[in-house]
Amino acid sequence: MEQNNLIKNLLMVLAGLALIVAGVYLVLLSRNAWRTYDYIGKTPDVINQITVTGTAKVTATPDVAIITLGIVNDGTSVAIAQKGVTDKMNSIINSLKSEFKIDSKDIKTENYSVQPKYNWSNGRQTIIGYTANQSVQVKVRDFDKTGNILAKSTELGANSVYGPNFMIDDPEKAKAEAREKAIAQAKEKANLLADQVGIKLGRIVNFYEGGNEVPNVAYGMGGYAMAEALDMAKSTAPAIEAGSQDIQLTVSISYEIK
């Protein structure tokens, strides 16, 4: 009997402890919920800050010329139209690799298509043939070869040629240089402004970068769209000048005011 009373008292103590723990837990939940509610709709604390900008431009010399070589061929059937394109393009690609030592990774097919040609007569549409079109993009790293590549490609049948467009293959080095200069200019401006208005600069709280790459015009014959230019290119390698390219970056830096 005495043992049963002891067990009963122990269970009552445990039940009381459980009620106390549950009560504390509910109080904590209520307090956290109230704090959360208390912050809803409140405007975050405003940090006093100033924002300055810096701009820098770096002029770099392009190291890659991009040329697009295309062939458009008509035929009375799909097979004939395709063969006229395939034979000529294969000859051009073989020449690029063997004669001009262009690496395979620098030759990329951009487009290949075959479209029917229609004729409208007496309100009816009739297929009268097909037009095949293929173009490849070529990266030329030795600019001395550019003019000869244009001339040779048109000689081998390219009749839709665009370029060269000069670019920097890896512009990150020039961008890093422009960024460093722009940041230095912005920091100098911030320190000058702080001295003028009598404030102390704290930590940087925001940073933004924007910019663009602006290629300068390259002189010489850079592309061919007209039949006359294509005919001339078959016998004459045009003079090509790479020009230069400007990389400009603007940075914006926000400082906390102490």
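Structure first, text after, so check above.
Analysis parameters
- Residues numbered from 1 in each chain as written.
- Predicted model: local features only at pLDDT ≥ 70, side-chain atom pairs only at ≥ 80, totals over all residues.
- Heavy atoms only, no water.
- Pairing = 2+ DSSP bridges.
- Helix = DSSP H or I, 4+ residues; strand = E, 2+ residues; numbered from the N terminus.
- Axes fitted to C-alpha atoms, helices over the stretch in contact; angles between N-to-C directions.
- Contact = heavy atoms within 4.5 Å.
- Phe/Tyr/Trp six-rings, centres within 6.5 Å; stacked < 30°, edge-to-face > 60°.
- Buried < 20%, exposed > 50% of the residue type's maximum accessible area, 1.4 Å probe, protein only.

Caption draft 1: Focus on the sheet that holds strand S4 (residues 124–140). Taken in spatial order, the 4 strands make up an open sheet running S3-S4-S2-S5, and their pairing is antiparallel. Bordering the open sheet on either side are strand S3 (107–121) and strand S5 (160–167), each of which pairs with just one other strand. If you compare each strand with its neighbour and ignore which way they point, the axes differ by 15° on average. Of the strand pairs in this sheet, strand S2 (residues 64–75) and S5 are connected by 6 bridges, and their pairing is antiparallel. Its bridge partner lying in S5, Thr 68 is registered against Tyr 162. Contacts between helix H2 (residues 78–98) and the sheet are confined to S2, S3 and S4, with S2 contributing the most and set at about 155° to the helix. Sheet strands touched by helix H3 (residues 146–155): S2, S4 and S5. Its angle to S2, the strand with the most contacts, is close to 5°.

Caption draft 2: The packing of aromatic side chains, seen in detail. Scanning the entire structure with this criterion turns up 1 aromatic pair. Measuring from ring centre to ring centre gives 5.1 Å for Phe 143 and Phe 166, while their planes differ by 75°; the resulting arrangement is edge-to-face. Taken as a pair, Phe 143 in the loop between S4 and H3 and Phe 166 in strand S5 lie far apart in primary sequence, 23 residues in all. Residue classification places Phe 143 among the partly exposed positions, given a relative accessible area of 22%.

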